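Okay, here's what each chain looks like letter by letter:
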Amino acid sequence: MKRGEVAELAGSCGLGAWTAFGVLTMVVMGHDGLPLFADADLLSWSVGHRPDVAVAFARGLTDTGTGVVPYALAVLAALIAGRTPRQRALAVALCLGCLGAGQVLRYAGMALVARRRPPLADWATHASGWAFPSGHTTTAALAAGLLIISVRVRGPRCTTPLTLVIGGWGASVGLTRVYLGVHWLTDVVGGWLFALGWLGLCLSVVAYWLPDRWTPSATDSDSARGTAEPTGSTAGDRTHTAPKQTDVARERSEDRAPDDPGRRGRSRPT
């Protein structure tokens, strides 16, 4: 896809996700933070299905959605996307800026909504702060989105399996927050929508405003152009050689022409 098409598609997806996030935010605030839809039922099911092994696994997985891991994944995404040291340095700055600015906006949204978490008696891990949108969910979704974008930008090989694995990790972190009883389901959905909207906006801005020389496609175009030049020169040599070969053949046919016009088209007798 062309950069203009990427910017338009990413902007449309981001706008749609943030529109849905805004609607969900107003619904949550309109109900004073009380459970919505299937929030209470899913929490009750989670509390009743907590074997020790599953809880330990969920705690380990949910810890990857905060701290150093998301920022390390953002740096990895930048290193994958860049083709040259200059591009990689810029990509690191952009990925960390996207993730950091997303955290600031997420904290502002949590303070604005000020939704309470589920009852403390249902918690199976430590948590702090307001509930909506889920912090672990948003952070993991942003890191996973950056990594998926970098993989898709770098090349088409094995992108579908990697996309599924990375996306599965980002979604699983959010689900563990509900399973461990520290968030409502709508908190997690809000985190996913917020992350998708912010990623779409960031990708749209980068695809629209970033100069061509800073993008990986510029390096690819130069390489393709350099590879195509020898082929063109070879084709040109063949083009110039073909008339010469035709002239030589014509001269040979003229030398073999019969002296007698009446015997034209027949071979000269020995």
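Residues numbered from 1 in each chain as written. Predicted model: local features only at pLDDT ≥ 70, side-chain atom pairs only at ≥ 80, totals over all residues. Heavy atoms only, no water.

As a further point, take a nonpolar patch on the surface. Together, Trp18, Leu105, Leu201, Val205, Tyr208 and Trp209 give the surface a local cluster of nonpolar side chains, amounting to about 640 Å² of exposed area. Broken down by element, the nonpolar patch gets its largest block of residues, four residues, from helix H8 (residues 185-209). Mapped onto the elements of the fold, Tyr208 is located in helix H8. For Tyr208, a relative accessible area of 57% gives the class exposed. (Patch = residues over 30% accessible without salt bridge, like charges linked within 9 Å, V, L, I, M, F, W, Y side chains within 5 Å. Areas by Shrake-Rupley, 256 points an atom, 1.4 Å probe, with all protein chains shown as cover. Salt bridge = Lys/Arg side-chain N within 4 Å of Asp/Glu carboxyl O. Helix = DSSP H or I, 4+ residues; strand = E, 2+ residues; numbered from the N terminus. Buried < 20%, exposed > 50% of the residue type's maximum accessible area, 1.4 Å probe, protein only.)

A word on unusual backbone geometry. For the bond from Phe132 to Pro133, the omega torsion is -10°, close enough to zero to count as cis. Along the chain, the position of Pro133 falls in the loop between helix H5 (85-113) and helix H6 (135-154). Not every positive phi belongs to a glycine, and Ala114 is a case in point at roughly 55°. Along the polypeptide, Ala114 turns up in the loop between H5 and H6. Of the residues examined, Ala114 reaches a relative accessible area of 29% and is grouped as partly exposed.

You can see Val55 is positioned in helix H3 (residues 52-63). Judged by relative accessible area, Val55 falls into the buried class, the value being 10%. In this structure the C-alpha to C-alpha distance between Val55 and Thr176, which are 121 residues apart in sequence, comes to 9.0 Å. Residues within four places of Val55 in sequence aside, it is in contact with Arg50, Ala124, Tyr179 and Leu180. (Contact = heavy atoms within 4.5 Å.)

What follows is about the packing of H3 against helix H7 (residues 159-179). Put simply, H3 and H7 touch, their axes get as near as 9 Å, and they point 125° apart. In terms of their interaxial angle, H3 and H7 are classed as oblique. Crossing handedness for the pair H3 and H7: left-handed. Where H3 approaches H7, its residues Ala54, Val55, Ala58, Leu61 and Thr62 are matched on the opposing element by Trp169, Ser172, Val173, Thr176, Arg177 and Tyr179. (Axes fitted to C-alpha atoms, helices over the stretch in contact; angles between N-to-C directions. Parallel < 35°, antiparallel > 145°, perpendicular 65-115°, else oblique. Left-handed = near helix turned anticlockwise from the far one by under 90°.)

With that settled, consider the packing of helix H4 (residues 68-81) against H6. Contact geometry of H4 with H6 gives a least axis separation of 8 Å together with a crossing angle of 15°. The angle between the axes of H4 and H6 places the two elements in the roughly parallel class. Crossing hand, H4 versus H6: left-handed. In this structure, H4 uses Pro70, Leu73, Ala74, Leu76, Ala77, Leu79, Ile80 and Ala81 to contact H6, whose residues at the interface are Thr139, Ala143, Leu146, Leu147, Ser150 and Arg154. For the contact of H4 with H6, the class distribution of residues is eleven nonpolar, two polar and one charged. (Nonpolar A, V, L, I, M, F, W, Y, C, P; charged D, E, K, R; others polar.)

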